[in-house]
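Single-letter residue listing:
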Amino acid sequence: MKNIQEELKERILILDGPMGTMIQNENLKEEDYRGIKFENNSIPLKGNNDVLNITKERLIYDIHIKYLSAGADIIETNTFNSTKTSQLDYKCEDYSYDLNFEGGKIARKAVDDFIKENPNARKYVAGVL
């Protein structure tokens, strides 16, 4: 497989679209964000889309697959607010590493699974901060 620099010399690569918009379209409830891991969190988590990497992995995976199927060459991890500073707002700063790790793992699996079904596809994952 070509690396991304070689790929860019040959063609324009298309990024995925907004993860937040796709998540908002799901009309999730507070309990969707909490799952088991965050059930005792002291403040509301709805809107903290990055915790969905832990509580709704399949949803994030499916969104990645939708973008890949629509023609995206590069999908971005669902980690836009996974920094400790951003997670302070939700008292989830101690989960920053886990949110980033799981976000990367989900995106990588989506690309790998997509390529298995489409062997000629050349797709990439970009980490987002």
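Residues numbered from 1 in each chain as written. Predicted model: local features only at pLDDT ≥ 70, side-chain atom pairs only at ≥ 80, totals over all residues. Heavy atoms only, no water.

## Examining the environment of Ser82
Thinking step 1. Relative to the helices and strands, Ser82 resides in the loop between β1 (74-76) and α6 (84-87).
Thinking step 2. Taking the C-alpha atoms as reference points, Ser82 and Cys92, 10 residues apart in sequence, are found 9.2 Å from one another.
Thinking step 3. Those residues in contact with Ser82 that sit more than four places away from it in its chain are Asp50, Gln87, Ser96, Leu99 and Asn100. (Helix = DSSP H or I, 4+ residues; strand = E, 2+ residues; numbered from the N terminus. Contact = heavy atoms within 4.5 Å.)

## As for the side chain of Asp16
Thinking step 1. In this fold, Asp16 is placed in the loop between α1 (4-10) and α2 (19-24).
Thinking step 2. Lacking a salt bridge, the buried Asp16 has Lys123 as its closest oppositely charged neighbour, with an N-O distance of 11 Å.
Thinking step 3. Here the side chain of Asp16 touches Glu76 through a polar contact of 2.9 Å, landing on its backbone nitrogen.
Thinking step 4. Once residues lying within four places of it in the same chain are set aside, the contact partners of Asp16 are Tyr67, Ala72, Ile74, Ile75 and Glu76. (Buried < 20%, exposed > 50% of the residue type's maximum accessible area, 1.4 Å probe, protein only. Lys, Arg positive; Asp, Glu negative; His and termini not counted. Salt bridge = Lys/Arg side-chain N within 4 Å of Asp/Glu carboxyl O. Polar contact = N/O pair within 3.5 Å; in protein donor to acceptor, adjacent residues only side chain to side chain.)

## A few points about the packing of helix α5 (residues 57-69) against helix α7 (residues 96-117)
Thinking step 1. Across the interface, α5 lies against α7 with an axial gap of 9 Å and an inter-helix angle of 45°. By the angle class used here, α5 and α7 are oblique. As for the relative orientation of α5 and α7, their crossing is right-handed in sense. For the pair α5 and α7, the contacting residues are Glu57, Ile60, Tyr61, His64, Ile65, Leu68 and Ser69 in the first and Ile106, Ala107, Lys109, Ala110, Val111, Asp113 and Phe114 in the second.
Thinking step 2. Taken together, the residues of the contact of α5 with α7 sort by class into 9 nonpolar, 2 polar and 3 charged. (Axes fitted to C-alpha atoms, helices over the stretch in contact; angles between N-to-C directions. Parallel < 35°, antiparallel > 145°, perpendicular 65-115°, else oblique. Left-handed = near helix turned anticlockwise from the far one by under 90°. Nonpolar A, V, L, I, M, F, W, Y, C, P; charged D, E, K, R; others polar.)

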